[in-house]
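Below are the chains, spelled out letter by letter.
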Amino acid sequence: GIQATFFFSLGPDNMGRSLWRLAKPAFLKKMLRSKAPSLYGWDILFRGTFMPGPLIGRLCETAIRRIAARGHDIGVHAWDHYTWQTRILSASERIACRVVQKGFDELVRITGKLPTCSAAPGWIVNDTILCAKDRFPFAFNSDCRGESVFYPMVNGQVLRTPQVPVTLPTYDELIGRDGVTQANYNDRLLALLKPGKLNVLTIHAEVEGIACLSMFEDFIRRATAAGFAFVPLSECLRECPSPGVS
């Protein structure tokens, strides 16, 4: 009964190729804290390693169309999530445009509608990528963490597309730290909500949508009872002035 913003990865599922990062202590700790194998399943954790990963857009066409038909914000997350995280920062603006275009075109093919927004995987973005995304007809992007809606500036030039930043930690950033467990997770997350301020929470289909679904349903009930309303990110633009307006 609530509206939200959905960002889709649409190309090959190469999640398994990230396993090399287990050699990095910080990434290994994160995987252990969040109990990644139980969240995702070993079949998903090894996707794209021994054989090409399936094309997510093709695999999930019915779900994506249903979400679009229900009036939610529909946006591009990535074509290839793994490649974005490992290579995009060294890409030229032309290549970055091509990468975003592949996801854009796939969403148009599936839904018959133009995507209205995008969000960079892992919030990995730089000036070149911001300029590339500014060429698309997005109403907004959500490529960063922050506190309020803003227009990014690159080389002294204010870009056309506003940013709606994520303000709250994700499940894998919060769980297992400072005494946070499944039992008190919602207590901690609810305590971080700020009345009258921008509160943007990123959830993941495999976590809040599957393994932690009942916990997420409880969060929605409790946040609603506390007076918070759930709205798509496009609603947050209403309080953002146009570029150059102070």
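Residues numbered from 1 in each chain as written. Predicted model: local features only at pLDDT ≥ 70, side-chain atom pairs only at ≥ 80, totals over all residues. Heavy atoms only, no water.

1. Focus: the packing of aromatic side chains
For any pair of aromatic rings, geometry is given as the distance between the ring centres together with the angle between the planes. Keep this limit in mind: Between the rings of Phe, Tyr and Trp (Trp by its six-membered ring), a pair exists once the centres lie within 6.5 Å; its type follows the angle of the planes, with under 30 degrees stacked, over 60 edge-to-face, and the other angles tilted. In DSSP terms, a helix is any run of H or I states spanning at least four residues, a strand is any run of E spanning at least two, and both are numbered starting from the N terminus. A 1.4 Å probe rolled over the protein chains alone gives each residue an accessible area, and that area as a share of the maximum for its type sets the label: buried under 20%, exposed over 50%, partly exposed in between. Remark: a charge is flagged as sitting over a ring if the NZ atom of Lys or the CZ atom of Arg is within 6 Å of the ring centre and within 35 degrees of the ring normal.
Taken as a whole, this structure holds seven aromatic pairs when the rule is applied. With 6.1 Å between their ring centres and 85° between their planes, phenylalanine 219 and phenylalanine 230 make a pair best called edge-to-face. One end of the pair, phenylalanine 219, is in helix 12 (residues 213-225); the other, phenylalanine 230, is in the segment after helix 12, and eleven residues separate them in sequence. In this structure phenylalanine 219 comes out as buried when scored by relative accessible area, which is 4%. Residue classification places phenylalanine 230 among the partly exposed residues on the basis of a relative accessible area of 27%. Ring pairing ties together the aromatic residues Phe104, Phe136 and Phe138, which thus form one cluster. Note that arginine 145 overlies the ring of tryptophan 123, its terminal NZ or CZ placed 3.9 Å from the centroid.

2. Considerations on the sheet that holds strand 3 (residues 117-118)
The following threshold applies: Pairs of strands are assigned from DSSP output, requiring at least two bridges between the strands.
Pairing within the open sheet is parallel, and its four strands lie in the order 1-2-3-4. Edge positions in the sheet fall to strand 1 (5-9) and strand 4 (140-141), since each of these pairs with one other strand and no more. In terms of strand pairing, strand 1 meets strand 2 (residues 73-78) through five bridges, oriented parallel. What sits directly across from serine 9, in strand 2, is alanine 78.

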